[in-house]
Structure formats: structure tokens, C-alpha cells
Amino acid sequence: MTTKAHKKPASRQAPKSRPKTPPTKVLAEVVAEVAAEHIPEVVAEHIVEIISDSGEGAQRCGQSLAAIASRSGNGIWTVEIIPAEIQPPHRSVAGASGNRVRLASRQVTNGGNEADLVVAFNEQVLLSRLNAGEIKPGGTILIENKWATDSDQKIATDYARICAEVIASGYRLIEVPMETECLKYVPDPRRGKNMFVLGMLCAIYSLNEDLAREQVRNIFAKKDQKIIDANIELLDAGRVWARDNLDLRYQIPTSPATEARVVMNGNAAIALGVVASGMEVCSMYPITPATSASQYLMNIFEKVGCVVHQAEDEISACTFAIGASYAGKCALTITSGPGLSLKQEAIGLAVMTEIPLVVVNVQRGGPSTGLPTKVEQGDLMAAIFGGHGDAPKIVMAVSTIEDCFYSMITARKIAETFNMVVVVLSDASLATAQQPFPRPEFSEDWLAPPIDQTAVPLDAKPYDWDPRSGIAQRFIPGQPNGMHCLTGLAHDRLSHVAYDAIANEEGLLNRSRKLAAFQRTLRLPPVFGDDSGDLLLIGWGGTKGAIEEAVTQLRSDGHMVSALHLKFLHPMASGIGKVMQGFTNVMTIENNWNDPVDDPVFNSENRRYSSLALLLRSRYLVDVDCWGSARGQPLKPAGIWQAALAKIKANGGTS
């Protein structure tokens, strides 16, 4: 091993001169030194990143590391690092692909701050993470050393230059002969390097060897036994190499779960939630980062007698789902931001005809095609107000991986109870992040009821709206006496096309009544912290874990800060205004754009606020401030902590 660092690994340092002592004492000292080198340092948590070119398996390596650690009893949270292009150029900063894994002795709810240790397959992908500020100052970097002797002089020169800059910046850089070692077991290192690295990381973090081998067997379960054996050999080789050549040894205390748990990402949880909810039709058109939810459904849906329909475009996907819902049950369509825009007219059709529909929007960076593989919370306004005319919809947001599962059951029930469109907002971070949570125990109450085929009373009207709730009995095709004409045009209670002012206003009023009736069923979410103080942070969606971690730190430092996280954004629960009154300052924390207050171009007259801040300001007439980021990365607890602290100090709060 070649090491570039301010300090060499202990196993490679030159022996110190020793005083003349009896041989037995010298031997004892040597044994003690060797033992000390292999005693792991106990740490509460570590953040690891594995970064490679696309196709080299860094994402699988990170997912496997997380699975092994989770089964061992560690808390885990993963963040996928995905290039924007499907096949980006090799050895490019923009082509960095991989996974961030946060390992902890407790449950963790977000990806944390900067990485403690990074494994990079080349110096260009490493540079991408350094440029993004994702590596802790002084952190440890393990890098593939094959580029130092590459036949292309430019590559070798770039490698040497970047490594020198990394060392000069204070990082500990350790060169690892990954390819050389992998060639002892496989002819193509690109197809095995990730398992070698997994073995290294299992040794570094003192993870169970048997669990690691079992994980490899699970990964390649459908492959030939020779492939399984070769990858286990690579795993073991990486573990042995790290044991013999690295002085990095950590142990993260474990807390084995007392109940059955599952580990999955948010998109898989959404798919399983769809099955558990009783929805039987999903219509979709592929779009990053939502596609994997539909793909997961494709693998399991037919086994329970259900259908995934891949339409020719986003509009067709939405109208297909509406048609399926019209036939008797509630269907869903899954998409991302650009797809939501294309579906808006069809969503308006579902609103006008009062056909239940669930729309899952896995948000990504925008506008236009924007940042297709990056995270952002930029679609809230589009979800609520995106359609033309007055088209009230219920909009809710998932906040954890577990919430992704249960929210689908909730969404289906709401849609069918109120005959409305329910938009469920997720995001790219939750879509790909992994986290363990208690295994759901199935309940038949989750499922949709059988299709009603009883006869409709002769005097019933297709839109006989209830004067208090706005809800009308839903006529299902095939019900005796239920035949009527259905269009997207304005209509009266008999479903006859009606352009007169009274009929149109009556329809608008009753569709709004349904939204109000639903709002009366909502409970105020609990305040995280005290009910009063200097600052209240309000968030929504996948920022919950990072916000609450930052608030916990602020409160431990003596600051009077609390948090409120909203699940339902339209409508909002009653009582939010009263909660805000208990705090001197209120600020939303969002992963979308807002104009920075320290930029001289912006002032109180022209500054744009983030989405939730705008909604709260208009609804409650409270001077709600906002902080957030639209860099395409999940918000970090440290960034929220700094923003909250600055807000407290600027307004003379308790310090």
C-alpha cells in the first residue's frame, strides 16, 4: 500500500528507537502495540461515501453496507448519489455515482452532515464531492491508485495533482491497489471492485463476516454459483487487505431491534403501500426519480391480481387511471414534476367529474427537465394551484420511509371517501434513501371495499350534493338505475351539461365544501419541543429528520427553539395559527428556492419566499420568514442549525 497523508498509518510507521530492556519486556510491548492497532475506536456514528463512475457498483456497495449494518443493529440512512445523465463520461466530475451511508448507534432520520470517510474509484469523482463540500475537513479518503501509473500521461498527471491538492487541504489520503487486488480473483475489476470495497468497509467498521457473506449471496441469488463464490472471495479479500494494511478500525455500538423490521427505500415503501391500500391499478409513464416505484409494483402487482399499465405518455397515464377509477375503485398514477405538469388538465377532469384519484409526485429539481436526479421540494404550488380554473385537491406530503408506506393507505381512503383527487408529494431523497422501520402488520381495514353494485334509488341524482359535506353518492357503471352522461363540462345535479351561472356556481361551491369537510377531520400535528419560545421552525416532506435533529441540538445548547412538521398542505389543520402565536419568530425550512436576505438586490418589496412560507403568510397574516436551499442535495442538520441560530441572534433571542 502506498500512503499519502500527513500521518502514515500506524502499521506503516518506522519503528521507534527503544531503550535497552529485557527481551521479554520488549516482546510484551510489541504485542501490546499490535493489539492496540486492532482495537476498534468506538464512535457513536460515521458517515461513509462510496463514489465511482456509473456502472462500477458503488451504489450497490453502499446499499449492501447499510443492509449489513442494519441487520447488525445499527441505525442507518442512505443517500444515493446519481449523475444526471444515463451514461455520463467515465472519469468525469459530473459522472460521480455512488451512495452515502450514515451508520449510527441509534435510529437516524437523515443523511447527516459531511462524510467522515470516502472511498473513491478515481480522483475525478472524488473532486465532485470535494467541490460540493460533502467531505468533513480532515476526513479520510481511500482512493484507487491505478491512475498513478496510467498509460495516458494526462490521466496520471491529473491524478497526482489532485491527490497533492487533497493532501494540502488537510485530508488524509490513502491509496489502495483495488484493481491489482481484484485481478487476482476476476478478469474484469469493474465487475468486482465494489465487493472488494464492501469487504474493506466491513473490516473498518467491525461488521459481522457471516452477515456480509449472506448479503452477497442475496445480491447474486439469481446468478450462477461460480459468480456468487467469486464475489464472496472478493469480499473476503477486501476484508483481509484492510485488516493487514489499514489502521482504520471503528466500532459503532448496536441496538438490536426487539421487533421485526424491514429495510427499504421510499419508492419501494410507496409501492408496498399501494398494494396494502387495496388499489388495483397503477398507470404510469417512466420518469426519474419516480420510475422505480412503478417498477417495484410491476414485480409484485400481478401476484395479487392487479395491473401496472405503462402508457404512451403522461397524459394517457393519468386519463387511464381516471377511467379505471370511474369503473369502480380508486386507481393511481405515479410521476415527477414535469409529468405532474402534463397531467394537470386530466387532473381537472377528475376534479370536475368527482372521480377519486391518487397522484404520487416524486419531486425533483426544476424547472423544465432541471435536475432530474437531484432532490428539491419545488412542486408544492403546482400540486395545489397548478390546474386551470378552480380545481380543489387534497395535497399531502410524506416525511419518512415508513410514512411512504402508510400514506398510500391514507390517500386511497381519503380519495374514495370524498370523491377527490389526492396528491401525495414525495421527493428524490426519500425515493432512494433506505431506513429500517417496524414491519407493518397487515389489517383488512386498509383495503378498499367491494365495488357497490346495488340498485340506485330511482329518484337519486348523479350529483346530489350534501349541503354540509358537498359529497354526492358515487354512481358506479353497472349499477341499476345509475346510467348517466359524464363529461368534463360544467354540469348540474343530473349531470346534464349546464353553462348557466347558477349551475356552475353550485358545482364550484360543493367541490369546495368537500375540501372544507375534509379539513375538519384533520388533527394538528404535535409540536417538537415546547409550545412557546424564540423560534418555531415549520417544515414539510422529507426535511423532517434534519429539522428535528437540528432542533434537538439547538435545544441542548439552551436555545428556545421548536419545530412543527405539516403532513397536509392543502388544506391545513386548524390550530396552526395559534401555535405560531406562541413564538417570537417563525421560519419555514424548505428544500426549494427563496431569495437570500443578505443579497443587496432583494428587499422586503421584491423578495420571493419559499412555497410553504407564502402559504402561511397568506393564510395567517403572520410575518413568516424562510430558509432553504435548492442545490439539489438533501438539507443537512448543520445548515438548519446555522440558519436558526442566525435568526435567533438577529432578533435578540435567548443565547
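What you see is a predicted model; the values in this text were computed from it and never measured. (Residues numbered from 1 in each chain as written. Predicted model: local features only at pLDDT ≥ 70, side-chain atom pairs only at ≥ 80, totals over all residues. Heavy atoms only, no water.)

## Points about the overall build of the protein
In step 1: A count of helices and strands for the protein gives 20 helices and 23 strands.
In step 2: Seen through its principal axes, the protein has C-alpha atoms that stretch 105 × 65 × 50 Å.
In step 3: Across the 655 residues that make up the protein, the buried fraction comes to 53%.
In step 4: Taking all contacts inside the protein whose residues are at least 6 apart in sequence as the whole, residues at least 24 apart take part in 77%.
In step 5: Carbon and sulfur atoms provide 53% of the accessible area of the protein, an area that totals close to 28,800 Å².
In step 6: Each charge class in the protein can be summarised by its mean position, and for the 63 positive and 71 negative side chains these summaries are 4 Å apart. (Helix = DSSP H or I, 4+ residues; strand = E, 2+ residues; numbered from the N terminus. Buried < 20%, exposed > 50% of the residue type's maximum accessible area, 1.4 Å probe, protein only. Contact = heavy atoms within 4.5 Å. Areas by Shrake-Rupley, 256 points an atom, 1.4 Å probe, with all protein chains shown as cover. Lys, Arg positive; Asp, Glu negative; His and termini not counted. Charge placed at Lys NZ, Arg CZ, Asp CG, Glu CD.)

## What to know about the confidence of the model for the protein
The predicted coordinates of low-pLDDT regions are not to be read in fine detail.
In step 1: Mean pLDDT for the protein: 92, with 94% of residues reaching 70 or above.
In step 2: pLDDT under 50 marks residues 1-25. Its contacts with residues more than four places away, or in other chains, come to 40 contacts. (pLDDT = per-residue confidence, 0-100.)

## Digging into the pairing of strand β11 (residues 281-284)
In step 1: Neither face of β11 is left uncovered, since the one carrying Val281 and Ser283 and the one carrying Cys282 and Met284 both have all their residues buried.
In step 2: Taken together, β11, helix α10 (residues 291-300) and strand β12 (residues 307-310) constitute a β-α-β crossover, and its handedness is right-handed.
In step 3: As paired elements, β11 and strand β13 (residues 331-335) share three bridges and run parallel to each other. The residue of β13 that forms the bridge with Cys282 is Leu332. (Right-handed = clockwise from strand over helix to strand, strands pointing away. Pairing = 2+ DSSP bridges.)

## Comments concerning helix α6 (residues 193-204)
In step 1: Taking 1.5 Å of rise per residue, the twelve residues of α6 would be expected to cover 16 Å, and the 16 Å separating its terminal C-alpha atoms lies within 8% of that figure.
In step 2: For α6, the tally of buried residues reaches twelve of twelve residues, placing the bulk of the element in the interior.
In step 3: Lys193, Asn194, Met195, Phe196, Val197, Leu198, Gly199, Met200, Leu201, Cys202, Ala203 and Ile204 are the residues of α6 that are buried.
In step 4: Immediately downstream of α6, the backbone of Ser206 shows phi near 55 degrees, a positive value. (Expected span 1.5 Å × (residues − 1).)

## Quick look at the sheet that holds strand β16 (residues 421-427)
In step 1: Strand order in this open sheet of seven strands is β12-β11-β13-β14-β16-β15-β21, and the pairing throughout is mixed. Both edges of this open sheet fall to β12 and β21 (568-570), since each of them pairs with a single strand only. Ignoring which end each strand starts from, the neighbouring axes of this sheet average 25 degrees apart.
In step 2: Summarising the sheet, strand β15 (residues 394-397) and β21 pair through two bridges and their orientation is antiparallel. Its bridge partner being in β21, Met396 is matched across the sheet by Phe568.
In step 3: The sheet contacts of helix α11 (residues 314-326) involve β11, β12, β13 and β14 (357-363), and relative to β13 the element is tilted by about 165 degrees. (Axes fitted to C-alpha atoms, helices over the stretch in contact; angles between N-to-C directions.)

## A closer look at the nonpolar core
In step 1: Formed by 54 residues in total, the largest nonpolar core has its most connected members in Leu332, Val358, Val360, Met408 and Val424.
In step 2: Contacts of Val360, omitting those with residues within four sequence positions, involve Ile270, Leu332, Thr333, Ile334, Thr335, Met408 and Val424.
In step 3: Formed by 48 residues, the second largest nonpolar core is a distinct cluster that contains Ile76, Phe121, Leu198 and Leu207. (Core = buried A, V, L, I, M, F, W, Y, C linked by side-chain atoms within 4.5 Å.)

## Side note on the packing of helix α17 (residues 544-556) against helix α20 (residues 637-650)
Each pair of packed helices can be described by the angle between their axes along with the distance between the axes.
In step 1: Contact geometry for α17 and α20: axes closest at 8 Å, N-to-C directions at 55 degrees. The orientation of α17 relative to α20 falls into the category oblique. The interaxial crossing formed by α17 with α20 has right-handed handedness. Facing Ala546, Ile547, Glu549, Ala550, Gln553 and Leu554 of α17, the residues of α20 in contact are Pro637, Ile640, Trp641, Ala644 and Leu645. (Parallel < 35°, antiparallel > 145°, perpendicular 65-115°, else oblique. Left-handed = near helix turned anticlockwise from the far one by under 90°.)

## Observations concerning the pattern of salt bridges
In step 1: Scanning the model with the defined rule gives 39 salt bridges in all.
In step 2: In this structure, Glu134 and Arg100 form a salt bridge, with 3.0 Å as the shortest nitrogen-oxygen distance. Pair noted here: Glu134 is in the loop between α3 (123-131) and β7 (135-144) and Arg100 is in strand β5 (residues 97-104), with a separation of 34 residues, a long-range link. Neither Glu134 nor Arg100 differs from the other in exposure class; each is buried.
In step 3: The partner of Arg412 in a salt bridge is Glu416, with the nearest N and O atoms 2.8 Å apart. Here Arg412 pairs with Glu416, and both are found in helix α14 (residues 401-418), just four residues apart, close to one helical turn. For the pair Arg412 and Glu416, a shared accessibility class is recorded, and that class is buried.
In step 4: Each of Glu49, Arg100, Arg129, Glu134 and Lys636 takes part in salt bridges that share partners, so that together they form one network. (Salt bridge = Lys/Arg side-chain N within 4 Å of Asp/Glu carboxyl O.)

## A word on the packing of aromatic side chains
In step 1: Overall, the coordinates contain eight aromatic pairs when judged by the stated rule.
In step 2: Between Tyr205 and Tyr250 the ring centres are 5.7 Å apart and the planes differ by 25 degrees, which places this aromatic pair in the stacked class. Linking Tyr205 in the loop between α6 and α7 (209-219) with Tyr250 in strand β9 (residues 250-251), this pair joins segments that are 45 residues apart in sequence. Note on accessibility: Tyr205 and Tyr250 belong to one class, buried.
In step 3: Both rings, one in Phe442 and one in Trp446, keep their centres 5.7 Å apart while their planes meet at 90 degrees; by these two values the pair is edge-to-face.
In step 4: Exposure remark for Phe442: the relative accessible area of 53% places this residue in the exposed category.
In step 5: Just above the ring of Trp147 sits the side chain of Arg91; from NZ or CZ to the centre is 4.5 Å.
In step 6: The positively charged end of Arg607 is found above the aromatic ring belonging to Tyr609, 4.9 Å away from the centroid. (Phe/Tyr/Trp six-rings, centres within 6.5 Å; stacked < 30°, edge-to-face > 60°. Lys NZ or Arg CZ within 6 Å of the ring centre and 35° of its normal.)

## Re α20
In step 1: When the terminal C-alpha atoms of α20 are compared, their 20 Å separation across 14 residues agrees well with the 20 Å that a helix rising 1.5 Å per residue should span.
In step 2: Here α20 has its buried residues at Pro637, Ile640, Ala643, Ala644, Leu645, Lys647 and Ile648.
In step 3: On its buried side, α20 packs onto β19 (533-540), α17, β20 (561-566), β22 (583-590) and β23 (625-628).
In step 4: With its phi angle positive at about 70 degrees, Gly652 sits one or two positions after the end of α20.

## Comments concerning the sheet that holds β23
In step 1: Strand order in the open sheet made by the five strands is β18-β20-β19-β22-β23, with mixed pairing throughout. This sheet does not close on itself; its edge strands, each paired only once, are β18 (527-528) and β23.
In step 2: For β19 and β22, the ladder comprises five bridges, and the chain directions are parallel. Across the sheet, residue Ile538 finds its bridge partner in β22, namely Thr588.
In step 3: Against the sheet, α17 engages β18, β19, β20 and β22, with an angle of about 165 degrees to β20.

## Comments concerning the environment of Val101
In step 1: Positionally, Val101 belongs in strand β5.
In step 2: In this structure Val101 comes out as buried when scored by relative accessible area, which is 0%.
In step 3: Discounting chain neighbours no more than four positions away, the residues touching Val101 are His46, Ile47, Val48, Gly62, Leu65, Ala66, Trp77 and Thr78.

## Re a nonpolar patch on the surface
In step 1: On the surface, Leu489, Val497 and Tyr499 cluster together to form a nonpolar patch covering roughly 320 Å² of accessible area.
In step 2: By secondary structure assignment, the location of Tyr499 is in the loop between β17 (434-438) and α16 (501-519). (Patch = residues over 30% accessible without salt bridge, like charges linked within 9 Å, V, L, I, M, F, W, Y side chains within 5 Å.)

## Digging into the side chain of Ser72
In step 1: Turning to its location among the elements, Ser72 is positioned in helix α2 (residues 58-72).
In step 2: Taking relative accessible area as the criterion, Ser72 reaches 19% and is therefore assigned buried.
In step 3: Sequence-distant contacts of Ser72, defined by excluding residues within four places in its chain, comprise Leu207, Leu211 and Thr254.

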